[in-house]
Amino acid sequence: MTLTSAPPTPPRPKRRVGDRIFAGSASGSGILILLVLAGVAIFLIGEAWPAITAAAADLPGGQTLTAYIGPLVFGTLIAAVIALLVATPLAVAIALYITYYAPRRLATAMGYVIDLLAAIPSVVYGFWGIAALAPALVPLYGWLAENLGFIPLFAGPASATGRTMLTIGLVLAVMILPIISAISREVFSQAPALHREAALALGATRWEMIRMAVLPYGKSGVIGGAMLGLGRALGETMAVAIVLSGSGGITFNLISSSNPSTIAANIALQFPESTGLAVNTLIASGLALFAITMAVNMLARWIVNRRADFSGAN
Amino acid sequence: MSTQTSPAPAPVTERPGPVQSHRRLPRFAATGLYLAGLVLGALLSALTGFNLALTVVYGAVLGTLAVWLTSRAVEGRRKGTDRLVTCIVTTAFVIAMVPLASLVYTVLDNGLRRFDAAFFNSSMLGVVGEGGGAYHAIFGTLIITLLTTVISVPIGLLAAIYLVEYGTGRLKRAITFLVDVMTGIPSIVAGLFAFALFALFFGPGVRLGVMGAIALSVLMIPVIVRSSEEVLKLVPNELREASYALGVPKWRTIVKVVIPTAIAGLGTGVTLAVARVIGETAPLLVTVGIINGTNLNPFEGRMATLPVFAFYQLTQPGYPPELAIERAWTAALVLIMLVMALNVVARLISRFFAPKTGR
Amino acid sequence: MAKRIDVSDLDIYYGNFKAVEGVNISIEPRSITALIGPSGCGKSTFLRSLNRMHEVIPGARVEGKVVIDGQDLYSADIDPVDVRRQIGMVFQRPNPFPTMSIYDNVIAGVRLNSTRMKKSEMDDLVEKSLRGANLWTEVKDRLNRPGSGLSGGQQQRLCIARAIAVEPEVLLMDEPCSALDPISTLAIEDLMTELKDRFTIVIVTHNMQQAARVSESTGFFNLAGVGQPGRLVEFNPTEKIFSNPDEQATEDYITGRFG
């Protein structure tokens, strides 16, 4: 009866040994993940450092590090942007089709088939790109160079192999399609039924219902999904390494046979044969890639999470 | 559409009942018009020398236009727009199926040529030209993937348990966010990380199977954390409370109640994560390398793996090139079959091992 | 087995929000005590504080004393896990473990604590507990079927069997019949009357007839006002509460004038 003025914090409950060990290893694993991410940054910086501090003459090609990485960054961005521009509208349409147009029974199976696209290893996409897609695009490139050659993008001369920047952009588009459409599908299907039914009850057609109730709700989810796809396209390695015939140099000509390579593909192609400072240079370019993708992914997650906070769905 | 039953045929200008009837296209008219457009497109492309891609493009455009204009004329502007979007969305879905179909066809077409016994029971040791196989690469892939799974599953599962059962405040939010970000690490960067880590201790020329496993773990752990977290969250809180109320400590509750309830979902998640990393090539290229002979010890020297094997057989075929390229395609086919098999297994796990709830 | 519970000056918090304030109550052994009151007045919160289930929710804490036979449940050297072994609980919605059979559900408390026990002892315990919960004759032929295949009322009795299998001294019941039909409710009520010879039972209920039918004493909880903590307004023998309560608020509530 005298304990009416209890301390503001209760006494820490006694923990059992089993509980302590288990809780400790669980939070240890969580912290380990943070350490790994930090470790990735630290070790990359450590191994890139010799290249960052080296004199230009010692680096491969005898040029400065920025001159070496610059065209690669450019190539990486161009390929990823093409992929994004092609994949996003398609992915949104697919997501709409599966959520609101497809017959109910087939919708799940269709989603599964689209997800299969994500499961195919990237090296196989490379095989497909060089064997099936690139040759199929050669006539199109010839036509583009002939008829639309006045646009710098299609200045030509058209590549005879089809292994161009535009081809790899399309391969990457197919690869990121399932990522964007999976997230779009999720947000579209979460659009509040109340709003959708309200729109239909006002006599809206299906498209008007989607425009009024689904698209505004799903907009930031689609943007976030597209950013995640962008992150994937930026880091994609094997498909680019196999399909693109990179020869360096910055050019906006998407259909010729001289293209800038991408960071990831350049590493994959050069690394096995490199020694000494060349390895450090490649790791420095990897560090640049890491920084770019981290920035894109953080932005994407921030957009997606912000939507989750304000959606009222939870 | 009218609900009225009176036999007198009312003129169209009068409202026949409470529901105003609109003029509508017959049921299969839209589909028919679209198909007609496709046929017309085929004819058009036949005029300029037949080409499958052009046929599809012309056909889709013409079919969509036909449906849109007819519907607009007959059913009005709003319904017309609705039909237009339906056409576009459906066409987009079909277009997305084209690469998948083409890819599966190409890989089967090229890969089946060397899909023989020699491919599965011989390595590339001493093989010049004819013969040879991926025995060493298949086992290399299996060993490295197994090692990756052994590293990743405990860490990933425990981290998910931390996030769902123990985590609070800023540390939890930081881990959740960074796990999400980590799922976006480019695979080549994960490979460089493992290389940099080992190069620090063993010098820059080091290539080991275990390096590949570490690199793949960096990619696999966040996938496992995410999927396990989702599944653990689905376990009803009532079950945890029921267990606590029986005087069961928290860790035993997690091990004996929460995890068994979620086991199907956890199994599915792990299988899909394995499927994701088994085809990774870039990290293995920079950490494990390739050899022609069989090395099954991940702690000693280079190993062959299926995706890297496929890559080198295609890009550095030697002479004559066709034989190596055929091996490359078969390796790609085997890789796809492995991934698909894992996906099917994942579906089966989630179907057959789900707890039988009466609710 | 049954024990007496003395609660003095108990305040219960969720974070900074005080949910229940200043509860003083003395619960007699081998009796049924009912807690009634409008929704959100803290009855369930109070019940959960009696076996330290309350603190499972992050940020939840308690000030004051809960003494069972001279031992303070909230003193620093007490393990909440031990408390819960002595004080069992039955929840609003039946929650058998979906991965376990009926048999395994009953001995879950024993097995999850990995107490060593012979097979014959376990069989005896299962039979004894299921008989105690009036469920034995209905399920004895299908002990290896999943517990979630039973009807709602059977599931709830299974949960009671599970709770009494660990042989607690007190049984807390949080609206155990609110998800059940009248026949199953009657079965549970009969069961409670049998169980009170062995256990001290505290039951939270929204059903005033139920409180009147089964309990010896009744406590009436009410909110002091909107946003204010809940309080124990009156605690008296059930007969008195339902015929001639001390407080006007109690009378208003049980005659249906509010709440």
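Conventions adopted
- Residues numbered from 1 in each chain as written.
- Chains lettered and ligands numbered in written order.
- Predicted model: local features only at pLDDT ≥ 70, side-chain atom pairs only at ≥ 80, totals over all residues.
- Heavy atoms only, no water.
- Helix = DSSP H or I, 4+ residues; strand = E, 2+ residues; numbered from the N terminus.
- Rg over C-alpha atoms; globule rule 2.2 N^0.38 Å.
- Buried < 20%, exposed > 50% of the residue type's maximum accessible area, 1.4 Å probe, protein only.
- Contact = heavy atoms within 4.5 Å.
- Buried area = accessible area lost by both parts, 1.4 Å probe.
- Salt bridge = Lys/Arg side-chain N within 4 Å of Asp/Glu carboxyl O.
- Polar contact = N/O pair within 3.5 Å; in protein donor to acceptor, adjacent residues only side chain to side chain.
- Core = buried A, V, L, I, M, F, W, Y, C linked by side-chain atoms within 4.5 Å.
- Domains from an automatic or database assignment.
- pLDDT = per-residue confidence, 0-100.
- Patch = residues over 30% accessible without salt bridge, like charges linked within 9 Å, V, L, I, M, F, W, Y side chains within 5 Å.
- Areas by Shrake-Rupley, 256 points an atom, 1.4 Å probe, with all protein chains shown as cover.
- Pairing = 2+ DSSP bridges.

Quick look at the overall build of chain C
Looking only at helices and strands, chain C has 11 helices and 10 strands in total. The C-alpha atoms of chain C give a radius of gyration of 18 Å, which matches the 18 Å a tight globule of 259 residues would have. Dimensions of chain C, computed from the C-alpha atoms along their principal axes, are close to 55 × 45 × 30 Å. For chain C, buried positions account for 58% of its 259 residues.

Brief notes about the interface of chain A and chain B
If you look at the interface, chain A gives 78 residues, while chain B gives 76 residues. Between chain A and chain B, the buried area comes to about 6800 Å², and carbon and sulfur atoms account for 82% of it. Three residues stand out in chain A for area buried against chain B, namely Phe22, Ile33 and Phe127 of chain A, and they jointly supply 11% of the buried area on that side. The tally of links between chain A and chain B comes to one salt bridge. Notably, a salt bridge pairs Glu208 of chain A with Arg78 of chain B, separated by 2.7 Å at the nearest N-O pair. Taken together, chain A and chain B are joined by six residue pairs in polar contact (both at pLDDT 80 or more). At 20 residues, the largest contribution of residues to the side of chain A that touches chain B is made by helix H1 (residues 17–53) of chain A.

A short note on the environment of Gly37 of chain C
All names here are of chain C. With respect to the helices, strands and loops of the structure, Gly37 is situated in the loop between strand E3 (32–36) and helix H1 (43–49). Each C-alpha atom, one on Gly37 and one on His206, is 7.0 Å from the other, the two residues being 169 residues apart in sequence. Those residues in contact with Gly37 that sit more than four places away from it in its chain are Lys43, His206, Phe220, Phe221 and Tyr253.

Details of the interface of chain C and chain B
With 28 residues of chain C at the contact, the number on the chain B side is 21 residues. Summing both sides of the interface, chain C and chain B together bury roughly 2100 Å²; the carbon and sulfur share of this comes to 62%. Applying the counting rule to chain C against chain B returns two salt bridges. Ionic pairing is found between Glu238 of chain B and Arg93 of chain C, a salt bridge with its closest N-O pair at 3.6 Å.

Some points on the nonpolar core
If you look at the biggest cluster of nonpolar residues, it comprises 237 residues, and the most contacted ones within it are Tyr125 and Ile168 of chain A together with Phe46 of chain C. With 23 residues, the single largest contributor to this core is helix H2 (residues 65–101) of chain A. The two domains that each donate at least three residues to this core are domain 1 (29–113) and domain 2 (121–352) of chain B. Formed by 43 residues, the second largest nonpolar core is a distinct cluster that contains Ala34, Leu130, Ala133 and Leu135 of chain C.

Some details on the confidence of the model for chain C
A residue-level look at chain C finds 98% of positions with pLDDT of 70 or above and a mean pLDDT of 88. Interface scoring of the predicted complex returns ipTM 0.88; its pTM is 0.85.

Here we look at a nonpolar patch on the surface
Residue and element names in this part refer to chain B. The grouping of Val104, Leu108, Leu112, Phe115, Phe120 and Met337 at the surface amounts to a nonpolar patch, some 490 Å² of accessible area in total. Examined against the element boundaries, Met337 turns out to sit in helix H13 (residues 321–352). For Met337, a relative accessible area of 42% gives the class partly exposed.

A word on the side chain of Thr149 of chain B
Residues and elements named next belong to chain B. With respect to the helices, strands and loops of the structure, Thr149 is situated in helix H5 (residues 135–166). Within the structure, Thr149 has its side chain in polar contact with the backbone oxygen of Thr145 (distance 2.7 Å). When sequence neighbours within four positions are dropped, the list of residues in contact with Thr149 reads Pro154, Met220, Val270 and Val274.

Concerning the domain arrangement of chain B
Accessible area lost when the parts come together is the quantity often used to give the size of an interface. Residues and elements named next belong to chain B. Taken domain by domain, chain B holds domain 1 (29–113) and domain 2 (121–352). Look at where the C-alpha atoms of domain 1 and domain 2 centre, and you get two points 40 Å apart. Contacts between domain 1 and domain 2 engage eight residues on the former and six residues on the latter. The junction of domain 1 with domain 2 conceals about 610 Å² of combined surface from both sides, 78% of it contributed by carbon and sulfur atoms.

Points about unusual backbone geometry
Residues and elements named next belong to chain C. Notably, Asn134 is not glycine yet its phi reads approximately 55°, a positive angle. By secondary structure assignment, the location of Asn134 is in the loop between helix H5 (119–132) and helix H6 (136–139). The phi dihedral of Glu167 is positive, around 50°, even though this residue is not glycine. Examined against the element boundaries, Glu167 turns out to sit in the loop between helix H7 (152–165) and strand E7 (170–174). For Glu167, a relative accessible area of 39% puts it in the partly exposed group.

Concerning the pairing of strand E9 (residues 217–223) of chain C
Residue and element names in this part refer to chain C. Most of E9 is tucked away: six of the seven residues are buried. Strand direction decides the pairing type here: E3 and E9, joined by four bridges, are parallel. Residue Leu35 lies in a different strand from E9, and its bridge partner there is Gly219. Inspection of the sheet shows E9 paired to strand E10 (residues 230–237) by seven bridges, in the antiparallel sense. Each bridged residue has a counterpart across the sheet, and for Phe221 the counterpart in E10 is Leu232. Linking E9 back to E10 in an antiparallel pair, the connection comprises six residues, with Gly227 at a positive phi of about 80°.

What to know about the pairing of strand E1 (residues 5–14) of chain C
Residue and element names in this part refer to chain C. Counted residue by residue, E1 has seven buried out of 10 residues, so it is predominantly covered. Here E1 hands over to strand E2 (residues 17–27) after two residues, with Gly15 in that stretch at a positive phi of 60°. Across eight bridges, the pairing between E1 and strand E4 (residues 60–68) is antiparallel. Along E4, the bridge assignment pairs Ile5 with Ile68.

Topic: the pattern of salt bridges
Across all of its chains, the model carries 26 salt bridges over all chains by this definition. Notably, a salt bridge pairs Arg83 of chain B with Glu75 of chain B, separated by 3.0 Å at the nearest N-O pair. Each of the two residues, Arg83 of chain B as well as Glu75 of chain B, counts as buried. Glu63 of chain C is paired through a salt bridge with Arg61 of chain C; the nearest N and O atoms lie 3.1 Å apart. In terms of burial, Glu63 of chain C and Arg61 of chain C fall into one category: buried. One network of salt bridges, with partners in common, ties together Asp180, Arg226, Glu229, Glu230 and Lys233 of chain B.

Focus: the environment of Lys250 of chain B
Structurally, the position occupied by Lys250 of chain B is in helix H10 (residues 250–278). Remark: the alpha-carbon pair of Lys250 of chain B and Arg240 of chain B, spanning 10 residues in sequence, is separated by 8.4 Å. The residues contacting Lys250 of chain B, other than those within four sequence positions of it, are Asp19 of chain A together with Glu165, Tyr166 and Tyr244 of chain B.

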